[in-house]
Amino acid sequence: MRAGTGDREDVYARLCWMGMRVMRLYRCYFLDRDARIAALEVVECSDDDEARLMALKMLRERSHHFTVEVWDQARRILCHDRDTVGSG
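Note that the structure is predicted; figures quoted are calculated from it, not measured. (Residues numbered from 1 in each chain as written. Predicted model: local features only at pLDDT ≥ 70, side-chain atom pairs only at ≥ 80, totals over all residues. Heavy atoms only, no water.)

Focus on the pattern of salt bridges
Right, on to step 1. What the rule picks out here adds up to nine salt bridges.
Right, on to step 2. Of the charged contacts, one joins D34 and R36 as a salt bridge, the two residues approaching to 3.2 Å between their closest N and O atoms.
Right, on to step 3. On the basis of relative accessible area, D34 is assigned to the exposed category, the value being 54%. (Salt bridge = Lys/Arg side-chain N within 4 Å of Asp/Glu carboxyl O. Buried < 20%, exposed > 50% of the residue type's maximum accessible area, 1.4 Å probe, protein only.)

Quick look at the side chain of E69
Right, on to step 1. In this structure, E69 sits in strand 3 (residues 67-72).
Right, on to step 2. Given the relative accessible area of 16%, E69 is considered buried.
Right, on to step 3. A distance of 3.0 Å separates a polar atom in the side chain of E69 from a polar atom in the side chain of W71.
Right, on to step 4. Leaving out residues up to four positions away in the same chain, E69 has contacts with R27, C28, Y29, L31, R76, L78 and C79. (Helix = DSSP H or I, 4+ residues; strand = E, 2+ residues; numbered from the N terminus. Polar contact = N/O pair within 3.5 Å; in protein donor to acceptor, adjacent residues only side chain to side chain. Contact = heavy atoms within 4.5 Å.)

Digging into unusual backbone geometry
Right, on to step 1. With a phi angle near 65°, A35 is a residue other than glycine that sits in the positive phi range.
Right, on to step 2. Secondary-structure assignment places A35 in the loop between strand 1 (24-31) and strand 2 (37-45).
Right, on to step 3. Although it is not a glycine, Q73 sits at a positive phi angle of roughly 60°.
Right, on to step 4. Positionally, Q73 belongs in the loop between strand 3 and strand 4 (75-81).

Below you can see the structure in the form of structure tokens.
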């Protein structure tokens, strides 16, 4: 029997409670101006905030991409387009 997303979240919560640092895999989709997927990067981060920061940094470095979306399983944690990305 395959574990559901809720089961993975329970295991993640228990490991964090025990003081273990758990890295998660996030998918970063880079979209073109027509909202088509142009590239995919899978990144390993400790939490959503780190994944967001990494994705925004990668978007700033990729002038040919317009938007980045970051996903943790079926949960979208970021959708950000180049026009709103700051220089810092």
